Amino acid sequence: MAFEPRTQPTPSGARGGVLSFWGITLRKRVEIGLLYSREGNYARISEACRQGALSAIDAINSAPESGLELNAIERDPRGNIDLYQPLCTEILRETSARHVVGCVTSWSRKEVIPALEKAGGTLWYACPYEGFEASDSVVYTHACPNQHLLPLLSWTFPRYGRRGYLTGSNYIWGWEMNRVARDQIAAAGGAVLGERYLPIGDVDVTRIIDEIRATRPDFILNSLIGPSSYRFLQAYAALGREDAHFTAATCPVLSCNLTECELGEIGAAAEGLISVGPYFNEAQAVLPGAAASFGSSLEAAAYSAVFMLAGLLAQNQKHASANLGELLAGSGAAGSGIDPETHHVALPVLIAQVEDGQFKVQDRWPEVAPDPYLSHRDRVPAVHRPRLSVVR
Amino acid sequence: MTRRVHLSNLGGARAAILHRPHATVVALTRQLVAIGLEVTQHWPNLGSGALAADFVFFDTDLGHDEQFPWKPGVAPMPLVALIGSEAPGRIEWALNQGADAQLVKPVGDSGAYSALLIAQQSFEARREQAAKIADLRARLADRQTVVRAVVLLAARGLGEADAYDHLRQLAMNRRETIEQAAHRVLAQFSQDGGRNDRSEHS
């Protein structure tokens, strides 16, 4: 599904949940959890998701026909991995919330899953991730690899080449992204010229830059997060000023997780960076009737998570207390966009490049069905042939 | 040894679950369907239809040999044991079936994907090893053939070492094993009534 434009704040079919007596509408109060870190290495990403969720809550609460009044129960793990599980448990135990919108890193998502299982709760996860998961307790509203990495690489190969350098933060996102990339590059007859990881938060990128300078790849896949990524992009821009090969025309940096919400932090060093996602801020142009736009795909995915949840809750007689299984067994499930088998969603795939501080969309596929285990070859979007103007 | 897991196309692969109707079957089916497999449930017997399955998950708690359409240990696909009671006798039985991986019951939200990959890898490794062992056995059984061929060649005035080198050269020229070359030398010899094998290597 495409992300809903904000001019249509009514969850689809939400009228089923409205109780009306002589014209007076009674709205169901529903508590939902928010579990986003407001400080730490990935605070900007967290904040973008949080804003998306909060603005969706506002939109639903200000639309009487939604039949719901959502009440956010917020907990802040402050970027500390060990606080996610206890705070998630606290939300599920001390409040009536059964649904938690939250988590940025895969590490934190995996931490909260046992707590969700125990309490029958659900996590609505709004960030791109590395796939190979389909928890019964999670709904994944952002992209998995067949919706980000695979189309990005197949778009890149004919335009820039098949010799890649892979880097990432030293945890599952970086490891698994690079493993999938290695397979794709090998299958395309290319070569991985180097692969290096940095601990989360580490900004010593000297060795990575040295290796890139020595191996002269066709592209760099950057799965670093937070300050490591910002520092790397700045150092790579400096390398480009020394040697013109290391610029976007001949050796671009690719990313599956970089969005508008981090561009400000990176500044001019982001110029030429190529990113993939289900939404870019420029994309408002293709959503007819959308009065406002989202700041980033993270904001859009969190917004959409709350809307999907509200749509399901409004149609279920148990409302607040209904768990995900009950919601997806109900009548509203088919229209929710959530794949009942994997709990992922079909998404547009857009490839965009930073120009003058903004993402400019280069290519797009309108809707790609999710394939979290990469077990369906037919769900890899077909490569668009490069336009001559794009070939440098 | 570093082993690279190659993710074969699990989409559309068939999994047969041999287990009585139970929450474990529901949970396991959910996981397998999410991964992309087609799932069938069987009880009390697998039936010959299961021969077409790509993976078989079987209950160890109530399981017995007669449930399978093959003899213990020779299943033609990877097997995953569903273990409830961890009694040594039951685990021994599961091993005798040739379990390539296991899932401990109750099956919950995860575990199926790693069981599939591990079972597939162990099954393939086991099959490769079995083929290698069969090949080595056959070559071992041919030791006498090689000795006889060397003796025959040596009888024509070559030294023992030269006769062996000559045999090896014959094998290399025709890209066959030394045992196969030895068989041909002996066959040629008996065809020629033991008088002349020059045609073999002229």
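All values derive from a computational prediction rather than experimental measurement.

Residues and elements named next belong to chain A. Side-chain alternation along strand E12 (residues 274-277) places Ile274 and Val276 on one buried face and Ser275 and Gly277 on a second face that is also buried. The sheet contact formed by strand E11 (residues 253-255) and E12 spans two bridges and is parallel. The residue bridging Ser255 from the neighbouring strand is Ser275, located in E12. Regarding the hand of the β-α-β motif, the stretch spanning E11, helix H8 (residues 260-266) and E12 is right-handed.

All names here are of chain B. Pairing of strand E4 (residues 79-83) with strand E5 (residues 101-104) involves four bridges; the strand directions are parallel. Within E5, the position partnered with Leu82 by the bridge is Leu103. This β-α-β element, E4 to helix H2 (residues 88-97) to E5, shows right-handed connectivity.

Moving on, we get to helix H1 (residues 43-61) of chain A. For an α-helix, the turn length of 3.6 residues means that residues three or four places apart are oriented alike. Residues and elements named next belong to chain A. The end-to-end C-alpha distance of H1, which contains 19 residues, comes to 26 Å, matching closely the 27 Å that a straight helix rising 1.5 Å per residue would cover. Residues Ile45, Ser46, Ala48, Cys49, Arg50, Gly52, Ala53, Leu54, Ala56, Ile57, Ala59 and Ile60 constitute the buried set of H1. For H1, the elements touching its buried residues are strand E3 (28-35), strand E4 (68-75), strand E5 (99-102), H8 and helix H9 (297-314).

Residues and elements named next belong to chain A. Relative to the assigned elements, Arg196 resides in strand E9 (residues 191-198). Each C-alpha atom of the pair Arg196 and Ile266 lies 21 Å from the other, and the pair is 70 residues apart in sequence. In this structure Arg196 touches Thr167, Arg207, Ile208 and Glu211, once residues within four positions along its chain are discounted.

With that settled, consider the domain arrangement of chain B. Quite often, the size of an interface is put as the accessible area lost when its parts meet. One can read the domain layout of chain B as domain 1 (14-136) and domain 2 (142-201). Relative placement of domain 1 of chain B and domain 2 of chain B: their C-alpha centres are 48 Å apart.

Here the focus is the domain arrangement of chain A. All names here are of chain A. Here the domain parsing of chain A yields domain 1 (14-143 + 282-336) and domain 2 (146-281 + 348-367 + 380-390). The C-alpha-based centres of domain 1 and domain 2 are spaced at 30 Å. On the side of domain 2, 29 residues touch domain 1, which itself brings 24 residues to the contact. No other element matches H9, which puts four residues into the side of domain 1 that touches domain 2.

With twelve residues of chain B in contact, the opposing surface of chain A contributes 13 residues. With four residues, the single largest contributor to the side of chain B that touches chain A is helix H1 (residues 23-35) of chain B. Residue classes in the side of chain B that touches chain A are distributed as six nonpolar, four polar and two charged.

This part takes up the packing of helix H5 (residues 160-173) of chain B against helix H6 (residues 178-191) of chain B. Residues and elements named next belong to chain B. Taken N-terminus to C-terminus, the directions of H5 and H6 make an angle of 105 degrees; their axes are 8 Å apart at the nearest point. As judged from the angle between their axes, H5 and H6 are roughly perpendicular. Along the contact surface, H5 presents Leu167, Arg168, Leu170 and Ala171, while H6 presents Ile178, Gln180, Ala181, Ala182 and Val185. Across the contact of H5 with H6, the residue classes tally to seven nonpolar, one polar and one charged.

Rules used in this analysis
Residues numbered from 1 in each chain as written. Chains lettered and ligands numbered in written order. Predicted model: local features only at pLDDT ≥ 70, side-chain atom pairs only at ≥ 80, totals over all residues. Buried ≥ 20, exposed ≤ 12 C-beta atoms within 10 Å, placed from the backbone. Helix = DSSP H or I, 4+ residues; strand = E, 2+ residues; numbered from the N terminus. Pairing = 2+ DSSP bridges. Right-handed = clockwise from strand over helix to strand, strands pointing away. Expected span 1.5 Å × (residues − 1). Contact = placed C-beta atoms within 7 Å. Domains from an automatic or database assignment. Nonpolar A, V, L, I, M, F, W, Y, C, P; charged D, E, K, R; others polar. Axes fitted to C-alpha atoms, helices over the stretch in contact; angles between N-to-C directions. Parallel < 35°, antiparallel > 145°, perpendicular 65-115°, else oblique.

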